[in-house]
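# Summary of the model geometry
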Amino acid sequence: MENEIDLHGFTHDEAVIATEDFVLRHSNNNTFFSCRIITGQSPKMSNRITEMLDKHGFKYIIPSWNTGCILVN
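A brief look at the structure comes next.

So, how was this worked out
Residues numbered from 1 in each chain as written. Predicted model: local features only at pLDDT ≥ 70, side-chain atom pairs only at ≥ 80, totals over all residues. Heavy atoms only, no water. Core = buried A, V, L, I, M, F, W, Y, C linked by side-chain atoms within 4.5 Å. Buried < 20%, exposed > 50% of the residue type's maximum accessible area, 1.4 Å probe, protein only. Helix = DSSP H or I, 4+ residues; strand = E, 2+ residues; numbered from the N terminus. Pairing = 2+ DSSP bridges. Salt bridge = Lys/Arg side-chain N within 4 Å of Asp/Glu carboxyl O. Contact = heavy atoms within 4.5 Å.

### Re the nonpolar core
If you look at the biggest cluster of nonpolar residues, it comprises 17 residues, and the most contacted ones within it are Leu-7, Val-23, Cys-35, Ile-37, Ile-49, Leu-53 and Val-72. Among the elements of the structure, α1 (12-28), β2 (35-38), α2 (43-55) and β4 (69-72) are those that each provide at least two residues to this core. At five residues, α1 tops the list of elements feeding residues into this core.

What follows is the structure, encoded as structure tokens:
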């Protein structure tokens with residue numbers, strides 16, 4: 001997927017900053033924005049990322065078939 005960020009190897013704080021930068025930069029350049037955020041299996045990481053997405057009003061799902069990623073649209 002072209003619009004994808006993989007957070008493996010990031011601390012939780014680094015992941016939030018990198019993801020926030022990624023989604024804001026890419027969403028401003030597209031009229032229709034979607035991306036995949038690979039969080040891994042950490043519920044804490046996933047929660048930190050979804051809190052940031054909520055703060056900016058992004059719509060997303062965590063698919064039941066792969067809870068290690070977040071799909072943003």
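We are not done yet, so read on.
### A few points about the pairing of β4
The pairing of β2 with β4 spans four bridges and is antiparallel. If you follow Ile-37 over to β4, its bridge partner there is Ile-70. Here strand β3 (residues 60-61) pairs with β4 via two bridges, running antiparallel. Looking at the pairing, Ile-61 lines up with Leu-71 of β4.

### Observations regarding the pattern of salt bridges
If you walk through the whole model with that rule in mind, you get four salt bridges. For the salt bridge of Arg-36 with Glu-4, the shortest nitrogen-to-oxygen distance reads 2.5 Å. A residue pair is termed long-range when its members are at least 10 positions apart, and Arg-36 in strand β2 and Glu-4 in strand β1 (residues 4-6) qualify at 32 residues. Classification of Arg-36 as partly exposed rests on a relative accessible area of 27%. Arg-48 is the salt-bridge partner of Asp-13, the closest N and O atoms lying 2.8 Å from each other. Of this pair, Asp-13 sits in helix α1 while Arg-48 sits in helix α2, placing them 35 residues apart in sequence. On the basis of relative accessibility, which here comes to 48%, the residue Asp-13 falls in the partly exposed class. On the basis of relative accessible area, Arg-48 is assigned to the partly exposed category, the value being 27%.

### Quick notes on the side chain of Glu-20
Its location among the elements puts Glu-20 in helix α1. Discounting chain neighbours no more than four positions away, the residues touching Glu-20 are Met-52, Lys-55 and His-56.

### Brief notes about the environment of Val-16
On the secondary structure map, Val-16 appears in helix α1. Measuring from C-alpha to C-alpha, the distance between Val-16 and Glu-51 comes to 9.3 Å, with 35 residues separating the pair along the chain. Those residues within four positions of Val-16 in sequence are excluded, and the remaining contacts are Arg-48, Ile-49 and Met-52.

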